[in-house]
Amino acid sequence: MHTIQNTKAYWQKTLDISAKALKIDVCAFLLDEHQQMCFVASNQQILDSDLIDLQQITTPVINAIPLSKLTTNQVISITHKQKQYSIHLQPLVDDYGKQLGCFCAIYSQLLSKDFNLALIHLTVDSLQHSLSKLHSQQQQYQSINLQNFINAFSEHIWVKDLDGKYIVCNQSIENAWNKKTGQIVGKTDHDLFDVETSRLFIETDNSAKSARKPIVVSECEGTDPNNNRHWLETVKAPLIDETETIQGIIGITRNIGRHRQNEKQLLLAESVVENTINGVLVTDRDGNITEVNSAFTQITGFEREEAIGQNPRILNSGKHDTDFFAKMWNTLLVKGKWHGEIWNKRKNGDIFPQSATINAVYGQDDTINFFVAVFSDMSKQKINEQKLENLAYYDNLTQLPNRVLLRSNLQAQVEHAATAQSQLAVIMFDVDFFKHINDSLGHDVGDQLLVEVARRLENLSHDYCHVGRLSSDEFVIVLNDLTQDEMLASRVNHIKSLIEQPYRFDGISLIRMTISMGVSVYPHDSLNSENLLQNADTALHIAKQSGRNTVTFYDSAMTMNSVEHLKIQNALHEAIQEQHFHLVYQPKLSLCSGQLVGLEALIRWEHHEYGFISPAEFIPVAEKTGLIHEIGLMVLRMACYQGKQWLDNGYEFGRIAVNVASLQFQRRNFIDNVAKILQETGMPASCLELEMTESCMMYEPEQVISDLKRLGDMGIQLSVDDFGTGYSSLSYLKKLPINVLKIDQSFVCDIPFDGHNTAIAKAIIVLGHALKLDIIAEGVETKEQAAFLLENGCDQAQGYYFSRPLLASVLTSQLISSK
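Report on the accompanying structure.

Definitions and cut-offs
- Residues numbered from 1 in each chain as written.
- Predicted model: local features only at pLDDT ≥ 70, side-chain atom pairs only at ≥ 80, totals over all residues.
- Heavy atoms only, no water.
- Phe/Tyr/Trp six-rings, centres within 6.5 Å; stacked < 30°, edge-to-face > 60°.
- Buried < 20%, exposed > 50% of the residue type's maximum accessible area, 1.4 Å probe, protein only.
- Lys NZ or Arg CZ within 6 Å of the ring centre and 35° of its normal.
- Core = buried A, V, L, I, M, F, W, Y, C linked by side-chain atoms within 4.5 Å.
- Helix = DSSP H or I, 4+ residues; strand = E, 2+ residues; numbered from the N terminus.
- Contact = heavy atoms within 4.5 Å.
- Pairing = 2+ DSSP bridges.
- Patch = residues over 30% accessible without salt bridge, like charges linked within 9 Å, V, L, I, M, F, W, Y side chains within 5 Å.
- Areas by Shrake-Rupley, 256 points an atom, 1.4 Å probe, with all protein chains shown as cover.
- Salt bridge = Lys/Arg side-chain N within 4 Å of Asp/Glu carboxyl O.
- Lys, Arg positive; Asp, Glu negative; His and termini not counted.
- Charge placed at Lys NZ, Arg CZ, Asp CG, Glu CD.

## A look at the packing of aromatic side chains
What the rule picks out here adds up to 18 aromatic pairs. Their ring planes at 90 degrees and their centres at 5.3 Å tell us that Phe324 and Phe325 sit as a pair that is edge-to-face. Of the residues examined, Phe324 reaches a relative accessible area of 23% and is grouped as partly exposed. Three or more aromatic residues joined by ring pairs make a cluster, and in this case those are Trp158, Tyr166, Trp177, Phe193 and Phe201. Positioned above the aromatic ring of Phe352 is the side chain of Arg346, whose terminal nitrogen or guanidinium carbon lies 4.1 Å from the ring centre.

## Side note on the nonpolar core
Counting residues in hydrophobic clusters, the biggest one holds 79 residues, and the most contacted among them are Leu572, Phe581, Leu690, Met692, Met697, Leu711 and Ile738. It is helix 22 (residues 628–648) that provides the largest number of residues to this core, a total of nine residues. Among residues more than four places away in sequence, those in contact with Phe581 are Leu572, Ala575, Ile576, Ile603, Arg604, Trp605, Phe618, Ile631, Met634 and Met638. Counting 32 residues, the second largest nonpolar core, distinct from the first, contains Phe434, Val445, Ala454 and Ile499.

## Brief notes about the pairing of strand 22 (residues 596–607)
Residues in a regular strand point their side chains to alternate faces of the sheet. Of all twelve residues in strand 22, nine are buried; the element is thus mostly enclosed. Relative to strand 22, strand 21 (residues 581–590) is paired through nine bridges, and the arrangement is antiparallel. Bridge assignment links Gln586 to a residue of strand 22, and that residue is Glu600. Adjacent in sequence and paired antiparallel, strand 21 and strand 22 are bridged by five residues, among which Gly594 carries a positive phi angle near 75 degrees. As judged from the four bridges shared by strand 22 and strand 25 (residues 655–660), these two strands associate in the parallel manner.

## Topic: a positive patch on the surface
On the surface, a cluster of positive charge is contributed by Lys13, Lys20, Arg285 and Arg313. By secondary structure assignment, the location of Arg313 is in the loop between helix 11 (304–307) and helix 12 (322–335).

## Here we look at the pairing of strand 7 (residues 166–169)
Judged from the three bridges that link them, strand 6 (residues 156–161) and strand 7 form a sheet pairing that is antiparallel. When the sheet's bridge partners are listed, Lys160 is paired in strand 7 with Tyr166. Count of turn residues in the strand 6/strand 7 antiparallel hairpin: four residues, of which Gly164 carries a positive phi of about 80 degrees.

## Some words on a nonpolar patch on the surface
Taken together, the side chains of Leu146, Phe149 and Phe153 make up a nonpolar region of the molecular surface, amounting to roughly 290 Å² of accessible area. Secondary-structure assignment places Leu146 in helix 4 (residues 146–151).

Remember that the coordinates give geometry; whether it matters functionally is a separate question.
Next up, the structure:
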């Protein structure tokens with residue numbers, strides 16, 4: 001039967017932790033020999049002052065319940081000092097289901113449905129584990145005698161009397177000396193060993209007698225029965241009776257090779273800890289600092305002497321609430337480890353971010369001996385992340401939100417308008433004949449003009465107005481909370497008038513210019529933020545076609561009733577049915593080696609009546625009419641057949657890249673269709689690359705990640721096409737299982753002479769490599785562009801400078817044969 005005292009020692013820590021985590025009072029009982037529940041312990045610091053007499057309150061309540069009726073999750077109510085309490089009961093059982101006691105959680109109100117049952121179960125498990133462990137320890141006692149005792153040890157153990165005769169030895173002695181106990185007991189060292197050895201043994205016996213305490217008498221190398229070399233240590237101690245009289249000598253020889261190795265390991269570990277660039281902090285189980293390394297001092301400013309004995313609260317920055325630390329300690333105590341980011345404070349008061357890992361180190365009794373925290377200063381990393389984020393979300397010239405952030409803001413405003421049932425307008429405008437300003441006054445003046453336009457827009461920016469720069473001289477304004485059409489018209493005219501005010505720069509005559517504006521309205525023109533932006537762009541295009549210096553409101557007829565659109569739409573159906581499309585392949589080259597690393601399959605359409613129709617013309621029509629799905633699969637199948645043919649003929653080409661449209665990728669059966677085509681054509685998945693735009697990956701992020709992983713698991717390489725023109729976030733991008741980023745040709749154009757494109761291209765290369773992705777640039781047309789990309793670490797490139805897209809028949813002669 002477990003005693004109250006030794007059980008309480010096992011339970012006290014668990015009950016204190018449980019009470020603190022649940023923020024209630026708890027207690028535990030054990031069954032005594034009379035089958036009565038006997039109070040064992042409660043949390044040491046009672047939270048409810050009315051429950052100071054907790055034992056007297058709960059004991060009669062628990063014993064009033066028959067053991068057979070004590071079930072899991074039982075709840076009873078009591079009233080004490082005019083307050084109502086709910087007692088949640090959990091029986092404590094052993095491994096065989098036998099009832100041993102009871103756990104109580106006491107709530108100072110009626111028990112709610114959202115109490116932390118999981119933590120209660122965790123507490124019960126811990127209490128039951130302690131009982132089981134204590135019981136095992138009590139069962140381990142058995143009667144033993146001295147000979148059995150010393151025979152249980154691998155060390156050499158012997159005892160001599162005052163005459164130097166051996167009176168007992170263990171079996172390890174027999175094995176080491178190759179003698180039976182009967183040949184040893186009763187003999188002296190002179191009887192067993194040579195003169196020199198016996199003299200040495202007797203001298204060390206006398207040294208132990210003189211010292212009247214255990215002493216190390218020798219350390220030497222020896223061999224075991226298997227002739228393995230090891231290091232031996234011999235310790236001798238006098239046998240002293242209760243009258244302080246020496247009765248003999250006891251000797252122990254042990255293999256200390258492992259201890260010596262451990263000493264070396266400890267010295268090595270100490271050296272590693274002291275010389276690591278990460279800060280290391282060690283505390284005892286109560287949280288008092290016992291050791292720090294030099295990196296801790298360098299990072300925090302606290303010297304070792306200042307930190308030892310202190311609590312880690314000396315680093316508390318005040319930026320985290322109590323819930324943060326409660327969750328951290330709960331994770332640490334339950335799982336034994338916590339990792340995360342935390343803001344701490346240096347000795348000089350500076351607050352800094354750090355990445356920390358805290359481990360609980362347990363002793364042999366499964367209790368925590370101490371905690372070890374390893375942390376690094378993230379200050380520089382956070383600064384770099386902020387710089388990257390600024391490059392990713394803000395225009396480098398004007399510091400206005402760029403396309404990425406603007407689209408995000410627009411989506412948020414659309415959601416707000418849907419909730420508020422209000423209107424919003426998307427206004428897109430650009431400067432009329434901006435190219436003439438650049439050509440006549442220079443790009444520096446053009447940049448000054450754009451910066452001034454941005455400044456005027458920022459003066460407009462407030463709660464109901466968001467602005468951003470898309471590219472070059474193209475800007476977007478989002479007006480929200482519109483209540484009537486007259487308000488929209490008034491604001492649009494005011495903005496146009498404000499932007500068109502004359503511009504004056506030092507040394508330059510007054511610049512007067514006009515702007516063209518396109519406007520789309522939510523919810524009239526679309527409920528989708530992307531479509532609103534596209535519709536505003538369409539309206540802007542019409543405004544420029546109409547002579548510029550005007551405001552055009554979007555009309556669906558601008559797109560859907562276009563004669564050209566209908567002509568291409570009808571021709572597309574025929575082209576798909578008659579298979580009028582063909583493919584050309586543009587080589588992708590390694591910038592370092594100049595070797596071919598892959599090909600991009602590009603669709604071409606030669607119509608018998610209209611002649612060559614550019615993909616830029618028919619692909620948008622195909623996407624709007626849904627024909628893109630059939631065209632996309634047709635291109636994939638044609639490319640795979642051609643790739644398999646090249647492979648069968650022994651030609652090496654790396655990977656064939658096939659573009660995937662956003663609507664095509666969103667189809668649920670897209671991945672199945674890819675697998676089917678690979679199987680049908682015999683094309684190895686490892687020779688296929690799929691290029692997807694950022695917009696492909698913006699719907700249902702979790703589903704996109706899952707789909708991309710399925711494609712990657714097949715062996716297909718995945719790349720993000722036209723990177724930088726979409727609106728994916730960095731936090732989302734790093735989660736995508738992709739392999740390649742392709743720099744859009746709009747950023748390659750005019751480098752290295754255009755400072756904006758140069759900065760963007762460099763940023764994309766750095767960002768991609770930080771995410772461990774390969775970088776390829778498209779649209780490389782000049783030697784200067786290729787040299788710039790190579791110098792800045794771009795991995796691959798394609799474009800007219802290297803090769804135009806070629807027919808398969810022409811390209812075959814340029815491929816390297818592996819035969």
